[in-house]
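# Working through the structure, step by step
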Amino acid sequence: MEWFTDRAQESGIDFTHVNGATGKFYYPEILPPGVALFDFDNDGDLDVYLVQGHPLEPGTRPDPSLRGRLYRNDLEVRADGTRTLHFTDVTAQSGIEATAFGFGVATGDVDNDGFVDLYLTSFGGSQLYRNSGNGTFTDITKQSGTANEPGFGVSAAFLDYDRDGALDLYVGNNVRYRGLDKETVCPNPAGARDYCPPQIYGGFPDRLYHNDGKGHFTDVTAKALPGLRPRPALGVATADFDGDGWIDIYVADDGEDNMLWMNQRNGTFKESALAGGAAVTAEGKAEASMGVDAGDFDNDGDEDLIMTELTSQGFNLYVNDGGGRFRDQGAVSGLGPASTPFTGWGTAWFDYDNDGWLDTFSANGTIIMLEGHQNVPFPYDQHRLLFRNLGNGRFEDVTAKAGSLFAMSESGRGAAFGDIDNDGDIDVLVGNDAGRTRLLINNVGNRQHWVGLRVVGGAGGRDMLGARVGVTGADGKTRWRRARADGSYASANDPRVLVGLGASSGPVTVDVKWPDGTAERWNGVTADRWTTLRQGEGK
Amino acid sequence: MRRGSLVTASALALGLCMAACSQPGAPQAQPSAAQQTDTDTAAPLPDISKLVPSVQHQITEAHDWLVKTAAKPDATAIDRANAHGELGKLLMAAQLPDAATTEMNAAQALNPSDYRWPYYLAHLARSGGDLPKAADAFQRVLQLKPDDMDSLVWLGDVSLASGKVDVAEDAFAHALRLDPNSVSAKYGAGRTALAKGEHAKAVEYLEEVLRLNPKATAAHYPLSQAYGALGDTTKSAEHLRLRRDARIAPRDTLMVELDSLLQSPQTYESLGIRRLDEEDWEGAAEQFRKGLALAPDSPALHHRLATALSMMQDEKGAVAEFETAVRLSPEYFPSQFSLGVLAQSKGQHAEAIQRFQAALKARPTYTEARLRLASSLRRAGKLEAALAEYDTALASAPDNTEARMGKVMVLSKAHRDREARRVLDEALQSSPGDLVTMHALARLLATSPDGTVRDGAKAMDLVQQMLKRGRTLELGETYAMTLAELGQYREAQALQRDLTAAAERAGQAAMKARLIARQKLYDRADPCRTPWTDEEMP
């Protein structure tokens, strides 16, 4: 059996992304789409949101069917454990009118009502949709103050940076691209045109919005992010990098120094990437970082970083010393050299085989037209990569073993990670630029034991993004993971935590460090099932 | 030719990379699976229809030559290898790596003793991200030419990127035995030592890199890391501050040759830029003219030519070319900026303002244009408008020292010294010890016409702190101002005389004149009440 099987089409996700490319090389065409996994109807399974584009050429009549789409997961799990995955396109009745040329998506419950809301980044502005809890969404962009105008948001992340119990919003803006730029052209030395790099347009400053908890956000960028420089942001991941209990922000920038905003615990952040060894490679070069994720790949209790990069650069692995100082171990880990032929986008730390060590995946696709791909409509395709964590700081490239889906060449962009069929292993939803959406169902992870945890809190019982979850198994070792929807590229992940236990089937002890600084413990949590942990109900 | 007196090439060319350079380190297309090498026939050409006609013609000619050579009964294997290789070089330069690889493989098969073919194959693999294949090909070069410095350094480089530090170490060591002063080999050896955790050794190599070539600024970052690991936080911070991205690479004559192979506007533009960097203005103009012969409507080439002409003192020609660029594309902000710079240098501030505003309309993030706009606005007496521009620049980059100092000076000129002091106090709070801010604050405290701002004692304290860190004529001038403010006119006079003599020795006529003017104040036992003259302002 192949490790992963694409079940998008057969389960009802019949979606092809349209970027409208006609050879004019409009910069926005090269960036999308993001994808999201989130349980909008609180029925216990992950639904899907897919970002859509459309032709950008002025005068082109818009096709009304080209819009971001919401698919409800109607997963059926029978008593014998067998299950049927089926999705229903509920866009029409959802109230979501995402007709702009979309880039990405972020998810979080901004009003603490227990229903997850949706933030969409697009060419020309962003939209915040409030989940009404009855299957419909309301556009609250204007009253919430989150339009991000002017701006060019691609990835965004919800986080509670000031511990006031309300999710704030970080928007990574990419370039200062005004109107539809027809003038700027970027030929190679032989005169062949292609997409321009972001430096041609110049970066655009990111934005941080503070949520007052009542549905209104305030742009606090100037005060909270002192010294912010306009850089072409593509990926955003939030985590507590220095272990002080306050959430920090990491931003992957395209071709310029990445940023690490360390939370100063007073409503402001300090940019510390360069001093902390996380801005550039070991050689000191700023690379074209696209996707990013934070996770404890070496199980030493702190959050490490992976970044996907351009062809010839190789992915970066920034290993945390526990205090928010990093060392680039991309080369020695094996991730760098194995990924140099690829341009990576969506990525994550995820334990695909449930052996207790975080592995990684990347959706790939070039930004320079590939020679000899004349028959491909959008000739920027590459195959996906899968790396297995060997538990010794090194990774094995297992792409060739993972099955035919990993030999398939597409223009991969966003990727969202989560247990879509609730069977105890992590599946992957992949968005392809000008291509079909793929739903990679994991066939091998649940051969080993696991524990699945949803950590919720607040009045509405929302997912507590940023909560750190430590799972201690029979071997006495604690594996720390984080409830998060952010990371990857322009996409939103399953906020639940799934920890692989390997051969150990016994109950586990779970420690949760909540975003407000409190901590609780649950003993005897059963393995091989999903459990919800509510703040205030532990010890 | 000496640096032009009109304006500097760097000022004229500023922002060009924002407009028209290709992305540094931009990826090449992914190499396809290994292709079969056919040495007897010419492989069909790839699709070259998207290339400019002149390059299509070059490639077609080379392909025709290959076909003819292959058909010649008396053609030697070397002849045929060369025909494949020459076509391969063109394809490689045209960024068609798969087709280039096919030709280079054929050339290598026909003439295995020619080191050039594996060398090109190595670079094709390297730029496509296939590091093992690149390393193998560099090893093949070294079998043919064991002392090839370029291949040794590149082998070390790809081995380091592959995590094979021992192979890298051997390659760099071999290179250093051949040329102990090779900057690129020392840089590689330093990075290898760092990767191995041999921090003292890394420091040794990387300090040597900077001693041999102070412009090798890429060495500062790994050096910072090495000092940090050794616990020397001061040196670590200092090298981090100096870190830049200047590439340190071997001489690479074969690859350099490729850069000039294509007859395309883009190639001529690149070659011209290289000449500009070498301050070979005539050579640069020649390349840009060749490019314009192929692409007469290219605003970028007109702009580049104008820059070269300007450096050749041909102001009329330069203006004509800048104006052509703007006529061809009114949104072409680099030429708008350059025309602004030229107008500003002649004191034509109304025109300069118009040009800078046009540049900013097209590129609002163009900080250099905004700072120059602010300067022209100030000189035109539009102080509020100048302040607004500095504020805009500071909003996007709050630590922009030039913008902050510009704002302080304009505030002072507008008799708003209290606000100026507040700006400096705040800046010093966020960056204690910043010399530029300390100096400006000392100057303001010593000379402000506003008695509520002046604080001679504090100014003296700041001056004393700065004198411990270094001495400049400007700091001496502020010291004299402070002495005068404290009523120590005799000391101020003596210091001012020494400074004037030093300015004369240094050939700084403007400064000398300014010092003499202020000397007269001290001779009359008057303090200075002008923090900055117009000439001292940006």
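None of the values given here were measured: they were computed from a predicted structure.

### Focus: the sheet that holds strand S26 (residues 344-350) of chain A
Residue and element names in this part refer to chain A. Spatially, 4 strands are ordered S26-S27-S29-S30 in an open sheet, and the strand pairing comes out antiparallel. Every interior strand has two partners, whereas the edge strands, S26 and strand S30 (395-397), have only one. Averaged over all pairs of adjacent strands, the angle between their axes in this sheet comes to 20°, without regard to strand direction. Judged from the 5 bridges that link them, S26 and strand S27 (residues 359-364) form a sheet pairing that is antiparallel. Pairing of threonine 347 across the sheet is with serine 362, part of S27.

### Details of the interface of chain B and chain A
Between chain B and chain A, the contact holds 58 residues from the first and 50 residues from the second. Buried surface at the junction of chain B and chain A, both sides included, amounts to about 4,100 Å², of which 52% is carbon and sulfur. For the pair chain B and chain A, the number of links is 2 salt bridges. Joining chain B to chain A, the criterion identifies 12 residue pairs in polar contact (both at pLDDT 80 or more). When contributions to the side of chain B that touches chain A are tallied by element, the ones reaching two or more residues are helix H2 (16-20), helix H5 (97-110), helix H6 (116-127), helix H8 (149-161), helix H10 (183-195), helix H12 (220-229), helix H15 (265-277) and helix H20 (349-362) of chain B. For the side of chain B that touches chain A, a count of residues per class yields 31 nonpolar, 15 polar and 12 charged.

### A word on the nonpolar core
Residue and element names in this part refer to chain B. Membership of the largest hydrophobic core comes to 63 residues, with the highest contact counts inside it found for Phe337, Tyr366, Leu424, Leu462, Met466, Tyr522 and Trp532. Top contributing element to this core by residue count: helix H25 (residues 435-447), with 7 residues. If sequence neighbours within four positions are ignored, methionine 466 has contacts with Leu435, Met438, His439, Ala442 and Leu475. Core analysis: the next-biggest nonpolar cluster, separate from the first, contains 57 residues, Val52, Leu121, Ala135 and Val165 among them.

### Thoughts on the sheet that holds strand S40 (residues 508-513) of chain A
All names here are of chain A. The 4 strands lie next to each other as S38-S37-S40-S41, forming an open sheet whose pairing is antiparallel. Lying at the two open borders of the sheet, with one neighbouring strand each, are strand S38 (478-482) and strand S41 (519-525). Along the sheet, successive strands turn relative to each other by an average axial angle of 20°, direction set aside. Relative to S40, strand S37 (residues 468-472) runs antiparallel, the two sharing 5 bridges. Bridge pairing in S40 places valine 469 opposite valine 512.

### Focus: the environment of A:Leu439
Residues and elements named next belong to chain A. Along the polypeptide, leucine 439 turns up in strand S34 (residues 438-442). Residues leucine 439 and threonine 82, spaced 357 residues apart in sequence, show a C-alpha to C-alpha distance of 19 Å. Setting aside residues no more than four positions away along its own chain, leucine 439 makes contact with Thr5, Asp6, Arg7, Ala8, Ser11, Ile13, Leu85, Phe87, Ile420, Val428 and Leu429.

### Here's the deal with the environment of A:Thr340
With respect to the helices, strands and loops of the structure, A:Thr340 is situated in the loop between helix H5 (335-339) and S26. Overall, A:Thr340 belongs to the buried group, its relative accessible area being 3%. Taking the C-alpha atoms as reference, A:Thr340 lies 41 Å from A:Phe115; in sequence the two are 225 residues apart. Residues contacting A:Thr340, with those up to four places away along its chain left out, are A:Thr311, A:Ser312, A:Gln313, A:Gly314, B:Gly128, B:Gly129 and B:Leu131.

### Side note on the pattern of salt bridges
The tally for this structure, following the rule as stated, stands at 66 salt bridges over all chains. The partner of A:Asp244 in a salt bridge is A:Arg265, and the shortest N-O contact between them spans 3.2 Å. Separated by 21 residues along the polypeptide, A:Asp244 in the loop between strand S18 (233-239) and strand S19 (248-253) and A:Arg265 in the loop between strand S20 (259-263) and strand S21 (269-271) bring together distant segments of the chain. Between B:Lys413 and B:Asp534 there is a salt bridge, and its shortest N-O distance comes to 2.9 Å. Of this pair, B:Lys413 sits in helix H23 (residues 401-413) while B:Asp534 sits in the segment after helix H29 (509-523), placing them 121 residues apart in sequence. A residue is classified by how much of its surface remains accessible, and B:Lys413, at 30% relative accessible area, is partly exposed. Residue B:Asp534 is classed as partly exposed on the basis of its relative accessible area of 39%. Through salt bridges that share partners, B:Asp166, B:Glu169, B:Lys196, B:Glu198 and B:Lys201 make up one connected network.

Each value, and the rule that gives it
Residues numbered from 1 in each chain as written. Chains lettered and ligands numbered in written order. Predicted model: local features only at pLDDT ≥ 70, side-chain atom pairs only at ≥ 80, totals over all residues. Heavy atoms only, no water. Pairing = 2+ DSSP bridges. Helix = DSSP H or I, 4+ residues; strand = E, 2+ residues; numbered from the N terminus. Axes fitted to C-alpha atoms, helices over the stretch in contact; angles between N-to-C directions. Contact = heavy atoms within 4.5 Å. Buried area = accessible area lost by both parts, 1.4 Å probe. Salt bridge = Lys/Arg side-chain N within 4 Å of Asp/Glu carboxyl O. Polar contact = N/O pair within 3.5 Å; in protein donor to acceptor, adjacent residues only side chain to side chain. Nonpolar A, V, L, I, M, F, W, Y, C, P; charged D, E, K, R; others polar. Core = buried A, V, L, I, M, F, W, Y, C linked by side-chain atoms within 4.5 Å. Buried < 20%, exposed > 50% of the residue type's maximum accessible area, 1.4 Å probe, protein only.

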